[in-house]
Amino acid sequence: MAKLVKKIKLQVPGGKATPAPPVGTALGPAGINIGEFVTKFNAATADKMGEILPVEISVFDDRSFSFIVKVSPASRLILKYAGVEKGSSKVPAEKAGSITKAQLKEIAEKKMPDLNTTDIEQAQKIIAGTARSMGIDVK
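### Focus on the environment of Pro 73
Right, on to step 1. Within the secondary structure, Pro 73 sits in the loop between strand S3 (65–69) and helix H3 (74–82).
Right, on to step 2. The exposure class of Pro 73 is buried, given its relative accessible area of 15%.
Right, on to step 3. Separated by 62 residues in sequence, Pro 73 and Gln 11 have C-alpha atoms that sit 9.3 Å apart.
Right, on to step 4. If we skip the residues at most four places from it in the chain, Pro 73 touches Gln 11, Ile 52, Pro 54 and Lys 111.

Structural data, given as structure tokens:
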């Protein structure tokens, strides 16, 4: 059994990973075959094409690796559902957009595995707080 040497966390577009930075510069010093990672990652995330996905890569002493793909960051999901490119730069004064309670629940259900709660109501409060800090209203 190979021994875990390092854990690397990256945010990579689903299905569009390339050996160029940030992937190559993060994995090169770890001794991982970058082409092999890119091929496996793109195959695993082909259904989530273009979404920014956090990935946690475990590097072992024999230069092998494994990775876990997580759900997109809550802020990215909120922007996608609100239909805006970015949040407000002047949060209390101006709003960037809005999402509905149904969309809020949908985002919370998607993010449940990554949140520190098992209750959907609490998950919705966490996501609503993120939206509020971005200048996105929940209606």
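Let us keep going from here.
### Section: the pattern of salt bridges
Opposite charge on two side chains permits them to pair, given that their charged atoms come into close proximity.
Right, on to step 1. Under the definition given, this model contains 6 salt bridges.
Right, on to step 2. The partner of Lys 9 in a salt bridge is Glu 56, and the shortest N-O contact between them spans 3.9 Å. Residue Lys 9 is located in strand S1 (residues 4–13), and its partner Glu 56 is located in strand S2 (residues 52–60); the two are separated by 47 residues in the primary sequence.
Right, on to step 3. Note on Lys 9: relative accessible area 65%, which makes it exposed.
Right, on to step 4. On the accessibility criterion, Glu 56 (14% relative accessible area) is buried.

Cut-offs used in this document
Residues numbered from 1 in each chain as written. Predicted model: local features only at pLDDT ≥ 70, side-chain atom pairs only at ≥ 80, totals over all residues. Heavy atoms only, no water. Helix = DSSP H or I, 4+ residues; strand = E, 2+ residues; numbered from the N terminus. Buried < 20%, exposed > 50% of the residue type's maximum accessible area, 1.4 Å probe, protein only. Contact = heavy atoms within 4.5 Å. Salt bridge = Lys/Arg side-chain N within 4 Å of Asp/Glu carboxyl O.

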